[in-house]
Amino acid sequence: MLIYVLLALMALSAILVIFCRDLLYAVISLGTLSVFTSILFYILGSPFASIMELSIGAGLITILFMATISLVEQPRVGHAKYSGRSSISFFALAAVVATTIWVALSLAEGVPGPAAAASAAALPEVLWGIRLLDVMGLSVVIFTASIGIGVLFRTEGGK
Amino acid sequence: MMNSSIYMAQIAVPIGGAALTLLVGAIKPRLRPAFAFLVGAATACLTIITLAGAGSPGRFVIPWQGVLNEFSLSPDGLSAYIAAAAGVLGCLILLYSARYMEHEEGLTRYYALVLLFIGAMIGLVTTDNLLVMYFFWETVGLCSYSLIGFNYDNPDAAKAGLKAFITTKIGDVGLLTGIMTLYVSTGTFNIFEIIDAAAGGAIPAPALSLAGFGFLMGAAGKSAQVPLHVWLPDAMEAPTSVSALIHAATMVNAGVYAIARTYPLFSEVAGWTTAVTWVGAITALLAACMALYARDLKRMLAYSTVSQLGYMMFGIGVGGLLASQFHLLSHAIFKALLFLCAGAVIHEVHTRNMDEMGGLGRKMPVIRTCYLIGVLALAGVPIFNGFWSKDMLFASALHSGNIVPLVFAVATAVLTVIYSLRSYFRVFTGELSAAGEKAHQSPPSMLLPLVLLAVGAVTSWLIIGIYSATLHQTGLIGEAISVGHLIHETVQSTALLLSLLALFLGGAVVFSTRKAKTAAAPSGLALWAGKGFGFDQFYLALLNGAYQVAGAVISTYDSISNWVGKAAIFLTVGFGKTLRNQNIGDLNKNLLWLVSGIVIIIAIVCVKRG
Amino acid sequence: MNLAVNWVWMLTAIVVIAGLGIFCIVTRRNMFRMLMGFTMLTKAVTLAFVTGGTLWGQPGLGQTLAIIVIVIEAAVTAVGLSMIVNIYRHYGAVNTNQIKRLRG
């Protein structure tokens, strides 16, 4: 039951992120969304993912957003109205969401019922055993991202 | 049995040479004639080597997947000799061209096309796949049109090329219909398999008959038979060497070859042999009449070619396959000889009108002798090769009992004697004309091919033994005959009487009217014959009417299409404006399309899997 | 740990969150909010991995993939934010309807 409450809360935070006027509130809603997600992860039996989500999703990303928003002036003009042709976008989006749901459901049809989650399979084993290549790719991503950020700022500073 | 890749080589060498000629023309233009001659000589050697193994051919195959079956070459007696004629005559004519064409522009084009033609002609006769044959059929046609229009800045030449293209294309429609009908009925393009299938009754009679008359139509177009003969006289706008090779000795035989090749297939079709016989007989007679009144030397020879091709068709129609094919070889030799002589004459006197020639015999003795040999062979004087093959034709007709067409053929023989001897007298004897004052003997490289061909015209009938044996081995004729047998048969047969009668009558007419060289203005039938019996006018009127009808239809269609066009413009502009509004650099919109695209791709994948 | 999860509801929730993220990206003009939409989208993906891991009894594998996605999300967000800052310095605006210039 807790799961469904959490799911509903997640959807609510997501809607808040989209529709609240103030950008800072939106960022806080995003953090809340992350917190709910991390709780859900824990319930679903993924404690490491839960911790990562909490620290990175709710902590790091929120702080990054806030810092950047404060760098930029006029943070409060963030809420823009629907543009003139937003009705088209809306219908298109509705179609997209409907298609996605249908696709997801049709994909899931062959799925067996929820199986018993294996008791705390050793994460490090999986991480370093099976998914070693992914971890290597991950470090490359992080490295590239930091270099990218550095380049972006340095170029601007050099001008 | 020999290495069958030689069959490929004899096609690949000239066609590859044609491609290399373009290169040579770009680097060292002076070497073009020598290079082309070397390629031609190599091809001639290859074809002669092939000839040796023609009795027991191998088969060269490049398999293709799909409906094309395979690219297969398997020369038998029928094709190997025509291929050899193309190779050897091509080689001689390339030698002749070196001096004959030396002052012309666009020689790279000339040599490349001639070599391409030789290769395609050998391919046309050696392949046993009808579709490949059709491909080569069109390729030789292409070379023919391009070379007719060689002097494309001359409007007559350009028009003649176009006329040849359109006229033969009408026949090609029939040929293609025939090939497709055969393919649909049997599921193969291989002519031998088709013949076997037809013998087994696999092809329904209407389909076979449609195919048979389609082939006849294609052959009539290519071999200039009535009513599609009108292109060949105009084709004389081509350089004379081209006329000798393509429009006398080889390409125009392709139609006769196609008919001979499919003779076992269609000979049982009701009315087919009769149609072939009559097309041939009528063509022979009409063309001979036209040749009688032609003033242009090359045109006269062209009509004569049409007439002789008619003989070959006639020969196949009456069942004389050997006679017809043997006449084809004889004709290739003596007609190439005549054309090359005519070319040498025209080269010196700069006119094609026979009335402006005369007395050239003293200036050009070698050419005079060669031309005389050619004329005697054409007229069918004993000992020359034309005599034997023509006599065999008459004998076949007598044997099969086709008396009325035979009368046509004998009448043609009389006319042939008249026009050929008369042309000789008009060009080489009598008073020296003004145009001939500066004429002198041709260079040796032009005389050599002439002399070789003249020797061939006298002696080529001696190969009848080998030739008929080869045809017999390939199962096309019942029994082979030796040279002695040929002489024996000829002397004993009634046909000899007919030949001699024709000779006598023709000779009498020529010698009795010899003094009146330029007769009074032709009138009546003569005038009509001189204008080609009005075929051209009739076709022009027909086309004129067709164009007027088409014009009316098109103008109606035009006004409709105008509105359609306006509507299309309106729609296109509107659509463009809508599209333009989607691409204004709006990040959100771009992302929307991106996401939609991804979703659609996923959906497609799911549907495919589901 | 035995856990009865109704996978239909889970999937629906995942799709709804992802749809909201896409909706945010597509309709919002503010680039910060678009980036938030992207973050929501990746959260849905993470959730999908973890749910899948639970459903098929391989929580370790699901977790690992989820961690990888989280880290990548953080990296992408950081780069995206720095790009927004750059764009703001260049155009003086963070709204996409104010930065439509196609060249320059």
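Residues numbered from 1 in each chain as written. Chains lettered and ligands numbered in written order. Predicted model: local features only at pLDDT ≥ 70, side-chain atom pairs only at ≥ 80, totals over all residues. Heavy atoms only, no water.

**Here we look at the overall build of chain B**
Argument step 1. Check the secondary structure of chain B and you find 25 helices and 2 strands.
Argument step 2. Contacts spanning at least 24 positions in sequence make up 80% of the contacts within chain B whose residues lie at least 6 apart. (Helix = DSSP H or I, 4+ residues; strand = E, 2+ residues; numbered from the N terminus. Contact = heavy atoms within 4.5 Å.)

**Observations concerning the overall build of chain C**
Argument step 1. Looking only at helices and strands, chain C has 3 helices and 0 strands in total.
Argument step 2. Secondary structure elements of chain C, listed N to C terminal, follow the sequence α-α-α.
Argument step 3. Split into buried and exposed, the 104 residues of chain C put 67% on the buried side.
Argument step 4. In chain C, once contacts between residues fewer than 6 apart in sequence are set aside, the share between residues at least 24 apart is 52%.
Argument step 5. If you sum the accessible surface of chain C, you get close to 3,600 Å²; carbon and sulfur atoms cover 66% of it. (Buried < 20%, exposed > 50% of the residue type's maximum accessible area, 1.4 Å probe, protein only. Areas by Shrake-Rupley, 256 points an atom, 1.4 Å probe, with all protein chains shown as cover.)

**Side note on a nonpolar patch on the surface**
Argument step 1. A contiguous nonpolar patch, built from M1, L2, Y4, V5, L9 and L12 of chain A together with W9 of chain C and spanning about 740 Å² of accessible area, is present on the exposed surface.
Argument step 2. Ranked by residue count, the leading element in the nonpolar patch is helix α1 (residues 2–19) of chain A, at 5 residues.
Argument step 3. Locating M1 of chain A in the fold gives a position in the segment before α1. (Patch = residues over 30% accessible without salt bridge, like charges linked within 9 Å, V, L, I, M, F, W, Y side chains within 5 Å. Salt bridge = Lys/Arg side-chain N within 4 Å of Asp/Glu carboxyl O.)

**Let's talk about the packing of aromatic side chains**
Residue and element names in this part refer to chain B.
Argument step 1. On inspection of all chains with the given rule, the structure shows 22 aromatic pairs over all chains.
Argument step 2. Aromatic side chains F71 and F136 sit 6.4 Å apart centroid to centroid with 65° between the ring planes, which places their arrangement in the edge-to-face category. One end of the pair, F71, is in strand β2 (residues 70–73); the other, F136, is in helix α5 (residues 130–148), and 65 residues separate them in sequence.
Argument step 3. Since its relative accessible area comes to 5%, F136 is described here as buried.
Argument step 4. Ring plane angle 65° and centroid distance 5.7 Å describe the contact between Y110 and F150, whose orientation is recorded as edge-to-face. With Y110 in helix α4 (residues 107–126) and F150 in the loop between α5 and α6 (155–186), this residue pair connects regions lying 40 residues apart in the sequence.
Argument step 5. When the ring centre of W563 is taken as reference, the NZ or CZ atom of K566 above it lies at 4.7 Å. (Phe/Tyr/Trp six-rings, centres within 6.5 Å; stacked < 30°, edge-to-face > 60°. Lys NZ or Arg CZ within 6 Å of the ring centre and 35° of its normal.)

**Looking at the confidence of the model for chain C**
Residue and element names in this part refer to chain C.
Argument step 1. With 91% of its residues at a pLDDT of 70 or more, chain C has an overall mean of 84.
Argument step 2. Of all secondary-structure elements in chain C, the lowest mean pLDDT belongs to helix α3 (residues 59–91), at 87, while helix α2 (residues 31–55) reaches the highest, 91.
Argument step 3. In the predicted complex, the global pTM is 0.64; the interface-specific ipTM is 0.87. (pLDDT = per-residue confidence, 0-100.)

**Overview of the interface of chain C and chain B**
Argument step 1. Taken together, the contact pairs 10 residues of chain C with 9 residues of chain B.
Argument step 2. In total, about 830 Å² of surface goes out of reach between chain C and chain B, with carbon and sulfur atoms giving 66% of it.
Argument step 3. Linking chain C with chain B are 0 salt bridges, by the criterion used here.
Argument step 4. Our count for the contact surface shared by chain C and chain B stands at 0 residue pairs in polar contact (both at pLDDT 80 or more).
Argument step 5. Considering each element in turn, the side of chain C that touches chain B owes the most residues, 4 residues, to helix α1 (residues 7–27) of chain C. (Buried area = accessible area lost by both parts, 1.4 Å probe. Polar contact = N/O pair within 3.5 Å; in protein donor to acceptor, adjacent residues only side chain to side chain.)

**A short note on the environment of T470 of chain B**
Residue and element names in this part refer to chain B.
Argument step 1. Looking at the secondary structure, you find T470 in helix α20 (residues 464–473).
Argument step 2. When its relative accessible area of 6% is taken as the criterion, T470 is described as buried.
Argument step 3. With 392 residues separating them along the chain, T470 and L78 place their C-alpha atoms 8.1 Å apart.

**Considerations on α20 of chain B**
All names here are of chain B.
Argument step 1. Looking at α20, one finds that the buried residues are I464, Y467, S468, T470 and L471. Buried positions in α20, seen along its axis, are confined to an arc of 155° and lie on one side of it. Exposed residues pointing more than 90 degrees away from the buried face of α20 are listed as I466 and Q473.
Argument step 2. G475 occupies a position one or two residues after α20 and carries a positive phi of about 80°. (Arc of directions from axis to C-beta.)

**Comments concerning the pattern of salt bridges**
Argument step 1. Applying the stated criterion to the full structure yields 9 salt bridges over all chains.
Argument step 2. Between E53 of chain A and K43 of chain C there is a salt bridge, with the nearest N and O atoms lying 3.1 Å from each other. One end of the pair, E53 of chain A, is in helix α3 (residues 47–71); the other, K43 of chain C, is in helix α2, on a second chain. Per residue, the accessibility class of E53 of chain A equals that of K43 of chain C, and both read buried.
Argument step 3. Where E102 of chain B meets R99 of chain B, a salt bridge forms, and the shortest distance between an N and an O atom there is 3.1 Å.
Argument step 4. Exposure remark for E102 of chain B: the relative accessible area of 36% places this residue in the partly exposed category.
Argument step 5. Exposure remark for R99 of chain B: the relative accessible area of 35% places this residue in the partly exposed category.
Argument step 6. In the salt-bridge network here, residues are joined through shared partners; they are E53 of chain A together with K43 and E73 of chain C.

**A word on the nonpolar core**
A general feature of soluble globular proteins is that nonpolar side chains tend to end up buried together.
Argument step 1. Ranked by size, the top nonpolar core spans 193 residues in total, and within it L182 and Y371 of chain B carry the most contacts.
Argument step 2. Looking at this core element by element, the count peaks at 20 residues for helix α15 (residues 321–349) of chain B.
Argument step 3. If near-sequence neighbours (up to four positions away) are discounted, L182 of chain B is found in contact with L130, G187, T188, I194, I203, L208, A211, F215, L265 and F266 of chain B.
Argument step 4. Residues C20 and I43 of chain A together with M34 and M40 of chain C belong to the second largest nonpolar core, which totals 54 residues. (Core = buried A, V, L, I, M, F, W, Y, C linked by side-chain atoms within 4.5 Å.)

**Remarks on unusual backbone geometry**
Residues and elements named next belong to chain B.
Argument step 1. The omega torsion of the bond from V226 to P227 falls at 5°, within 30 degrees of zero and hence cis.
Argument step 2. Among the structural elements, P227 can be located in the loop between α8 (205–222) and α9 (231–234).
Argument step 3. The phi angle at H350 is positive, at roughly 60°, despite the residue not being glycine.
Argument step 4. Residue placement: H350 occurs in the loop between α15 and α16 (365–379).
Argument step 5. The class for H350 is exposed, based on a relative accessible area of 69%.

**Some words on the side chain of H247 of chain B**
Residue and element names in this part refer to chain B.
Argument step 1. Inspection of the secondary structure assignment puts H247 in helix α10 (residues 240–249).
Argument step 2. Using a relative accessible area of 0% as the deciding quantity, one classes H247 as buried.
Argument step 3. Here the side chain of H247 touches S144 through a polar contact of 3.1 Å, side chain to side chain.
Argument step 4. Setting aside anything within four residues of it in sequence, one finds H247 in contact with S144, I148, W231, L232, A235, M236, A238, V242, V252 and T305.

**Let's talk about the side chain of T240 of chain B**
Argument step 1. Inspection of the secondary structure assignment puts T240 of chain B in helix α10.
Argument step 2. The contact partners of T240 of chain B, leaving out residues within four places of it in the chain, are Y100, K298, F339, A342 and G343 of chain B.

**Considerations on the confidence of the model for chain B**
Argument step 1. Averaged over chain B, the pLDDT score is 86; the fraction of residues at 70 or greater is 95%.
Argument step 2. Mean pLDDT in chain B bottoms out at helix α23 (residues 525–530) of chain B, which sits at 68, and peaks at α4 of chain B, which reaches 92.

**Re the environment of A211 of chain B**
Residue and element names in this part refer to chain B.
Argument step 1. Here A211 is to be found in helix α8.
Argument step 2. Overall, A211 belongs to the buried group, its relative accessible area being 0%.
Argument step 3. Considered as a pair, A211 and I179 are 32 residues apart in the sequence and their alpha carbons are 6.8 Å apart.
Argument step 4. Apart from residues lying up to four places away in sequence, A211 is in contact with G178, T181, L182 and F266.

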